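Examination of the molecular architecture
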Amino acid sequence: MERIKGLKCRECGRIYPKEAIHVCEFCFGPLEVDYDYAAIQQLISQEVITSRPTNLWRYWELLPIDGQPVNGTSSGFTPLIRADNLARLLGVEELYIKDDSVNHPTLSFKDRVVAVALNKAKELGFDTIACASTGNLANAVSAQAAKAGMKCFVFIPADLESGKVIASLIYNPTVVGIKENYDQVNRLCSEIAGKYPWAFVNINIRPYYAEGSKTIAFEIVEQLGWKTPQHIVVPAASGSLATKIYKGLKEFQKVGLIDNAETKISVAQAQGCCPIVTAIKAATDAIRPVVPNTIAKSLAIGNPADGYYAYHVVKDSSGYGETATDEEIVEAIKLLAKTEGIFTETAGGVTLAVAKKLIEQGRIPRNESIVICITGNGLKTQEAVADKIGKPTIIEPNLASFEKEVKP
Ligand SMILES: *Cc1c(COP(=O)(O)O)cnc(C)c1O
Ligand SMILES: [Zn+2]
């Protein structure tokens, strides 16, 4: 029984073989993995899933690799935390944090997409893996390529946070910093991908890579006891994660693992880079590109590849979108830390700040269940908060100094 039929154009529906291709030759629409859900329904069940190791491959039937996974077996199944301290402060009844700030091995949700992309790249016969990245993807590709013994090239904007640059360099890939923003990095990478026989995870093998994001949705449902939350708030850069969370929920319903998938998906962007939220508020799916200017560099994509689809996910699911200023991002990072003991990066600050706004606006009712996706770790973006969190009290090594300076 073939679980995966091939690739299919999202626009015109043309079918393609399972190769390293990502756009339709006829209409230039993006290609998407085409599953046989009836076949998968015969293979998968709650029992099958729960009997497997706690990583993202427990949902293997709904992921686009043919064989058994050999890489990325420590990624996924991150904690879903009941956030009662934060809930009390926000005035809501049922709040959860999906905490991908502790995803393995590189502390962001990008470990999920790379785990899938890397296995697929190997199945397709590639020996070199590459990416265009706003930071976290470069970290995940670098680390997982090292473990898999693949050659690795990562392309980033030259002005990324030092934590993100170091967290790529340490694995010894070729790191290329480009003196421009992500949209230019991505454009250059498309050119390189056309010339070199490499697996660019978010270009020529993007259809497979993007499927990895669904596993956040799968885990949320499983961790809630095979129930869907009423709201999920998701940060958006290219818009892929938001799109795939929605797809994941619908797939769980299609294969009979849950009865309904009515979750409202809301997206979060920084005010300094919010082409998707602007479109949502204007009720138009014509996404207008912007030049990013925000401390949330991981979300700084001015021309989002999946913006159009993210827009429709928000509309179809009756969610909404909001933005956060740089100050609100920092405040939200601090709020999450002091209420729930979680140190998130700037993207997490965006998501929490936006969730708070949507609750205050009444877009997310206070008595409904809410999951906030925290997608990255604060140790990588220390610049954003370093001078906004006070300093240690410095004392001499004696009791008198302690009592004088600290005043316990
Ligand atoms: C890449 C990234 C996102 C958003 O990803 P898209 O799928 O491109 O929308 C969110 N959070 C973090 C921390 C990221 O690195
Ligand atoms: Zn097409």
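All values reported here derive from a predicted model rather than from experimental measurement. For every chain, the first residue of the written sequence is number 1, and numbering continues from 1 along that sequence. Whichever chain is written first is A, and whichever ligand is written first is 1; the rest continue in order. The predicted nature of this model means local features are confined to residues of pLDDT at least 70 and side-chain atom pairs, given and counted, to a pLDDT of 80 or more, with totals for whole chains, interfaces and linings taken over all residues. Excluding hydrogens and water, the side-chain values take into account all heavy atoms of the structure.

Counting secondary structure elements, the protein chain contains 15 helices and 13 strands. Its C-alpha atoms give the protein chain principal-axis dimensions of about 75 × 45 × 45 Å. Any residue under 20% of the maximum accessible area for its type is buried, any over 50% is exposed, and the rest in between are partly exposed; the area is computed with a 1.4 Å probe on protein chains only. Counting every position in the protein chain, which comprises 408 residues, the buried fraction comes to 58%. For the protein chain, the share of sequence-separated contacts (at least 6 apart) that also reach a separation of at least 24 residues comes to 69%. Helix and strand definitions follow DSSP, with helices as H or I runs of at least four residues and strands as E runs of at least two, each counted in order from the N terminus. The contact criterion used is simple: two residues touch if any of their non-hydrogen atoms lie within 4.5 Å.

Near ligand 1 lie 15 residues; those nearest to it are Lys110, Ala237, Ser238, Leu241 and Thr375. Each polar contact in these results corresponds to two N or O atoms within 3.5 Å; when the atoms are within protein, one needs to be able to donate a hydrogen and the other to accept it, and residues that are neighboring in sequence are counted only if both atoms are side-chain atoms. Here Gly239 contributes a backbone N or O atom positioned 2.9 Å from an oxygen atom of ligand 1. In this structure, an oxygen atom belonging to ligand 1 sits 2.8 Å away from a main-chain N or O atom of Leu241. Surface accessibility follows the Shrake-Rupley procedure with a 1.4 Å probe radius. Residue values consider only the protein chains on display as shielding. Protein coverage of the free-state accessible area of ligand 1, which is 390 Å², stands at 96%. Residues are labelled near a given molecule or strand when at least one of their non-hydrogen atoms is within 4 Å of it.

A few words now on the sheet that holds strand 12 (residues 321–324). Between any two strands, at least two bridges found by DSSP are needed for them to pair. Taken in spatial order, the 6 strands of this open sheet run 4-5-13-10-11-12, and their pairing is mixed. The open sheet has two edge strands, strand 4 (80–82) and strand 12, and neither has a second partner. Averaged over all adjacent pairs, the angle separating strand axes in this sheet is 25 degrees, with direction ignored. Relative to strand 12, strand 11 (residues 264–270) is paired through 4 bridges, and the arrangement is parallel. Across the sheet, the residue bridging to Gln269 is Thr323, located in strand 12. Lines are fitted to the C-alpha atoms to define the axes, a helix being fitted only along its stretch in contact, and any angle between axes, read from their N-to-C directions, falls within 0 to 180 degrees.

Taken together, the 5 bridges between strand 7 (residues 151–157) and strand 8 (residues 174–178) define a ladder with parallel strand orientation. Bridged to Val154 within strand 8 is Val175. By convention, orient the strands away from the viewer: a clockwise path from the first strand over the helix to the second makes the crossover right-handed. You can see the chain leave strand 7, run along helix 6 (residues 162–169) and come back into strand 8, and the turn it takes is right-handed.

Moving on, we get to the coordination of the zinc ion (ligand 2). Donor selection uses N, O and S atoms within 2.8 Å of the metal (3.2 Å for Na, K and Ca). Since no water is included, sites may look incomplete. The zinc ion (ligand 2) binds to the protein through Cys9 (SG), Cys12 (SG), Cys24 (SG) and Cys27 (SG), with metal-donor distances spanning 2.3 Å. Because the angles between the 4 donor atoms bound to the zinc ion (ligand 2) fall within 97 to 118 degrees, the donor set is best described as tetrahedral. When the donors of the zinc ion (ligand 2) are listed by position in the chain, the intervening gaps give C-x2-C-x11-C-x2-C. Pair noted here: Cys12 is in the loop between strand 1 (4–9) and strand 2 (15–16) and Cys27 is in the loop between strand 2 and strand 3 (31–35), with a separation of 15 residues, a long-range link. Metal sites are grouped by the angles between bound donors: all angles between 85 and 135 degrees with four donors is tetrahedral, opposite donors over 155 degrees apart with the others between 65 and 115 is square planar for four donors and octahedral for six, and any other pattern is irregular.

A pair is scored as a salt bridge if a Lys or Arg side-chain nitrogen falls within 4 Å of a carboxyl oxygen belonging to Asp or Glu. Under the defined criterion, the tally for this structure stands at 27 salt bridges. Here Asp66 ties to Lys18 by a salt bridge, and the two come within 3.1 Å at their closest N and O atoms. Here Lys18 lies in the loop between strand 2 and strand 3 and Asp66 lies in the loop between helix 2 (46–50) and strand 4, a separation of 48 residues in the sequence. With a relative accessible area of 23%, Lys18 lands in the partly exposed category.

Each pair of aromatic rings taken from Phe, Tyr and Trp, with Trp reduced to its six-membered ring, is defined by centres within 6.5 Å and is described as stacked if the planes are under 30 degrees apart, edge-to-face if over 60, and tilted in the remaining cases. Scanning all chains against the criterion turns up 10 aromatic pairs. Where Phe218 meets Phe252, the ring centres are 4.5 Å apart and the plane angle is 5 degrees; that geometry is what we call stacked. Pair noted here: Phe218 is in helix 9 (residues 214–223) and Phe252 is in helix 10 (residues 240–254), with a separation of 34 residues, a long-range link. Taken individually, Phe218 and Phe252 each receive the classification buried, so the pair is uniform in this respect. Members of the aromatic cluster, connected to one another through ring pairs, are Phe153, Phe155, Tyr196, Trp198 and Phe200. As a reminder, the over-ring test applies to NZ of lysine and CZ of arginine, requiring each to be within 6 Å of the ring centre and within 35 degrees of the ring normal. Residue placement shows Arg3 over the ring face of Trp60; its charged tip is 3.7 Å from the ring centre. It is Arg363 that lies over the ring of Tyr320; its NZ or CZ is 3.5 Å from the centre.

Mapped onto this numbering, the UniProt entry gives "modified residue: N6-(pyridoxal phosphate)lysine" (unreviewed entry) at Lys110. If you trace the backbone, Lys110 turns up in helix 4 (residues 110–123). By relative accessible area, which is 15% here, Lys110 ends up buried. UniProt positions are given in the numbering used here, feature names are shortened, and annotations may be inferred rather than shown by experiment.

This brings us to the UniProt feature "domain: Tryptophan synthase beta chain-like PALP" (unreviewed entry) in the protein chain. As annotated by UniProt and renumbered to match this structure, "domain: Tryptophan synthase beta chain-like PALP" (unreviewed entry) occupies residues 76–376. The span residues 76–376 carries 45% helix and 17% strand; its end-to-end C-alpha distance comes to 13 Å.

Okay, the packing of helix 10 against helix 12 (residues 307–317) next. It is at 8 Å that the axes of helix 10 and helix 12 come closest, and there the two elements cross at 45 degrees. On the basis of the axis angle, helix 10 is oblique to helix 12. Classified by chirality, the crossing of helix 12 by helix 10 is left-handed. Between helix 10 and helix 12, the contacting residues are Ala242, Thr243 and Tyr246 on the first element and Tyr309, Ala310, Val313, Asp316 and Ser317 on the second. Every angle not falling under 35 degrees, over 145, or within 65 to 115 is termed oblique; those three ranges are roughly parallel, roughly antiparallel and roughly perpendicular. Each crossing gets its handedness from the near helix: less than a right angle anticlockwise from the far helix is left-handed, clockwise is right-handed.

On to a nonpolar patch on the surface, then. Like charges are joined within 9 Å and nonpolar side chains (Val, Leu, Ile, Met, Phe, Trp, Tyr) within 5 Å, but only among residues with over 30% relative accessible area and no salt bridge; these make up the patches. Taken together, the side chains of Ile395, Leu399, Phe402 and Val406 define a hydrophobic patch exposed on the protein surface, amounting to about 320 Å² of accessible area. With respect to the secondary-structure elements, Leu399 resides in helix 15 (residues 399–406). Judged by relative accessible area, Leu399 falls into the exposed class, the value being 58%.

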